[in-house]
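For reference, the chains in residue letters:
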Amino acid sequence: MKPQLPLEQLAVSAYSIPTDAPEADATFDWDATTVVVVEARAGTVYGTGWTYAPAAAGLLIDEQLAPATLGRSAMDVPRLHDAMCRAVRDSGRPGIASCAISAVDLALWDLKARQFEVPLVGLLGAARETVPVYGSGGFTTYHDTHLASQLSGWVHGQGIPRVKIKIGEGRGRAVVRDLSRVRQARHVIGDKAELYVDAAGGYNRKQAVRVGGALAEYGVGWLEEPVSADDLNGLRLIRDTLVCDVAAGKFGYDLPYFARMVSAGAVDCLQADATRCGGITEFLRAAALAQAHGLEISAHCAPHAHAHAAAAVPNLRHIEWFHDHVRIESTLFDGALDPSGGELTPGQSPGHGLTLRREDMEPYRIA
């Protein structure tokens, strides 16, 4: 039995990584992504976690989460998670506070597994040996050649049999181009690969139904956020109307959010993001909630943050192999996983198996 070492330090840093090309979806565009990294220490053992959020999340960790957790047993992750949630009561849990909690929670689970010298999936208990992934990118800013190259690389180069592109360009004002890009994507990947689309809440209800009907011609099996994820009645209407699966949940910051979504019958597959929803602790709870309602769960973005936890989930559909975060996590860490064949195999190293590449990170540091 390992000693109950107290959590002694939460070291925070933040980095801004430029994109390799301009990127956009239906409702947002960006040219860089900020990642906040947390290193949790108990004795001589460290655990690492991160979130894709403004650098201000790091200040919240220093000012509110560290005082609530330091000095307590680093092994009692659910207790520390609860303490963090209570600490941000007056700040508001959804949003940046939940991102900060997520980063610390990821670091704590990594720390605990390293303390026991086992892979994180071994600590959680495996439900599967490998986890399916889908290639995700296809930004609305990509020209046709760029889009074809990216999709072909995933499907024909790495053998990933499922991919997703962005649609809903200009908040739904470019439907003709949306459908043209879907048609091109199907041509590039062939008939056997699965094709998904993400409208990022860009359409209104009736527009989403019309577009969804047209997508059936190209065998699209997954329509993500056809309308705002806050429009649960709209998601339910679209889900009941279309043949393809409707997915949402990536902007969930706490368990009640997911409870409202599944109780409304709004989705065929629930999405959750461990770097946003409250870390691995809340991701596993969301997965159990989905399973209780006969649904699968899909891990949104941050594939290396999810690999081990996803392998512990019996009702997992897949992990998003998101272009931006794959680049960032491969830059920040040694130990990045290989998606060839369309599956990730969590490593056998202690924790999540990733170690910080400090020299490579430093040029991007902003805090």
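Note: the structure precedes this text.
Residues numbered from 1 in each chain as written. Predicted model: local features only at pLDDT ≥ 70, side-chain atom pairs only at ≥ 80, totals over all residues. Heavy atoms only, no water.

Run through the overall build of the chain, naming residues and quoting values.
When you go through the chain residue by residue, the secondary structure sums to 14 helices and 14 strands. For the chain, the C-alpha atoms occupy an extent of roughly 60 × 40 × 35 Å along the three principal directions. The 367 residues of the chain split such that 58% are buried. Contacts in the chain between residues at least 24 apart in sequence constitute 70% of all its contacts with a sequence separation of at least 6. With an accessible surface of roughly 14100 Å², the chain has 50% of that area assigned to carbon and sulfur atoms. Side chains of the chain carry 34 positive and 43 negative charges; the gap between the two charge centres is 4 Å. (Helix = DSSP H or I, 4+ residues; strand = E, 2+ residues; numbered from the N terminus. Buried < 20%, exposed > 50% of the residue type's maximum accessible area, 1.4 Å probe, protein only. Contact = heavy atoms within 4.5 Å. Areas by Shrake-Rupley, 256 points an atom, 1.4 Å probe, with all protein chains shown as cover. Lys, Arg positive; Asp, Glu negative; His and termini not counted. Charge placed at Lys NZ, Arg CZ, Asp CG, Glu CD.)

Summarise the environment of Ala 272; cite the residues concerned and give the values.
Summarising the element assignment, Ala 272 is placed in strand β9 (residues 269–272). Ala 272 gets classed as buried once you look at its relative accessible area, which sits at 0%. With sequence-adjacent residues up to four places away left out, Ala 272 is seen in contact with Gly 249, Phe 258, Phe 283, Ala 286, Ile 297, Ser 298, Ala 299, His 300 and His 306.

Go over the packing of helix α1 (residues 56–69) against helix α2 (residues 77–87) with me, naming the residues and quoting the values.
The contact between α1 and α2 brings their axes to 9 Å, and the two run at 140°. Considering the angle they form, α1 stands oblique to α2. When the axes of α1 and α2 are compared, the crossing they make is right-handed. On α2, the residues touching Gln 64, Leu 65, Ala 68 and Thr 69 of α1 are Leu 80, Ala 83, Met 84 and Ala 87. Residues that form the contact of α1 with α2 fall into these classes: six nonpolar, two polar and no charged. (Axes fitted to C-alpha atoms, helices over the stretch in contact; angles between N-to-C directions. Parallel < 35°, antiparallel > 145°, perpendicular 65-115°, else oblique. Left-handed = near helix turned anticlockwise from the far one by under 90°. Nonpolar A, V, L, I, M, F, W, Y, C, P; charged D, E, K, R; others polar.)

If you had to explain the packing of aromatic side chains to someone new, which residues and values would you point to?
Across all of its chains, the model carries nine aromatic pairs by this definition. Taking the centre distance of 6.2 Å and the plane angle of 50° together, the rings of Tyr 134 and Trp 222 count as tilted. Of this pair, Tyr 134 sits in strand β4 (residues 131–136) while Trp 222 sits in strand β7 (residues 220–224); the two residues are 88 residues apart in sequence, bridging distant segments of the chain. Summarising the burial analysis for this pair, Tyr 134 and Trp 222 share the class buried. (Phe/Tyr/Trp six-rings, centres within 6.5 Å; stacked < 30°, edge-to-face > 60°.)

How would you sum up unusual backbone geometry? Please name residues and give values.
Despite not being glycine, Glu 117 has its phi angle at roughly 60°, a positive value. Along the chain, Glu 117 turns up in the loop between α3 (96–115) and α4 (120–124). The exposure class of Glu 117 is exposed, given its relative accessible area of 58%.

Describe the side chain of Thr 69, naming the residues involved and giving the relevant values.
Looking at where Thr 69 falls in the secondary structure, it is placed in helix α1. Given the relative accessible area of 0%, Thr 69 is considered buried. Sequence-distant contacts of Thr 69, defined by excluding residues within four places in its chain, comprise Leu 7, Leu 10, Leu 80 and Met 84.

Describe the pairing of β7, with residues and values.
Among the five residues of β7, four are classified as buried, and the element is accordingly described as predominantly covered. Pairing analysis gives four bridges linking strand β6 (residues 194–198) to β7, with the strands arranged parallel. Across the sheet, Leu 195 pairs through a bridge with Val 220, a residue of β7. The parallel pair β6 and β7, bridged by helix α8 (residues 205–215), forms a crossover whose chirality is right-handed. (Pairing = 2+ DSSP bridges. Right-handed = clockwise from strand over helix to strand, strands pointing away.)

Kindly report on the side chain of Thr 140, identifying the contributing residues and their values.
Mapped onto the fold, Thr 140 is located in the loop between β4 and α5 (144–157). Here Thr 140 falls in the buried class, since its relative accessible area comes to 7%. Sequence-distant contacts of Thr 140, that is, excluding residues within four places in its chain, are made with Ala 24, Asp 25, Lys 166, Glu 169, Arg 177 and Arg 181.

Before we move on, could you go through helix α10 (residues 255–263) and cite the residues and values that matter?
Buried residues of α10: Tyr 257, Phe 258, Met 261 and Val 262, and no others. For α10, the buried positions fall inside an angular range of 120° around the axis, keeping them on one side. As for α10, its buried residues are in contact with α9 (232–241), β8 (245–248), β9 and α11 (279–292). Between a side-chain oxygen at the N-terminus of α10 and the backbone nitrogen of Tyr 257 the separation is 3.1 Å; the capping residue is Asp 254. The positive-phi residue at the C-terminal boundary of α10 is Gly 265, with phi of around 65°. (Arc of directions from axis to C-beta. Polar contact = N/O pair within 3.5 Å; in protein donor to acceptor, adjacent residues only side chain to side chain.)

Can you lay out the nonpolar core for me, pointing to particular residues and giving the numbers?
The biggest cluster of nonpolar side chains holds 119 residues, and the ones touching the most others in it are Leu 65, Leu 151, Ile 167, Val 182, Leu 215, Met 261 and Phe 283. Top contributing element to this core by residue count: α3, with 12 residues. Apart from the residues within four sequence positions on either side, Leu 215 is in contact with Ile 167, Leu 179, Val 182, Val 197, Val 220 and Leu 223. Of all hydrophobic cores here, the second largest spans five residues; its members include Tyr 196, Trp 222, Ala 247 and Cys 269. (Core = buried A, V, L, I, M, F, W, Y, C linked by side-chain atoms within 4.5 Å.)

Let's hear about the sheet that holds strand β2 (residues 29–42): which residues, and what values?
Taken together, three strands build an open sheet; the order of strands is β1-β2-β3 and the sheet is antiparallel. Where the open sheet ends on each side, the last strands, each with one partner, are β1 (9–24) and β3 (45–51). Direction aside, the axes of adjacent strands within the sheet are offset by 20° on average. Across 12 bridges, β1 lies against β2 in antiparallel orientation. Bridge pairing in β2 links Ile 17 to Thr 33. In this fold α1 packs onto β1 and β2, with an angle of close to 150° to the strand it touches most, β1. Sheet contacts for α3: β1, β2 and β3; angle to β3, the most-contacted strand, approximately 150°.

Shape is all these values report; function is a separate question.
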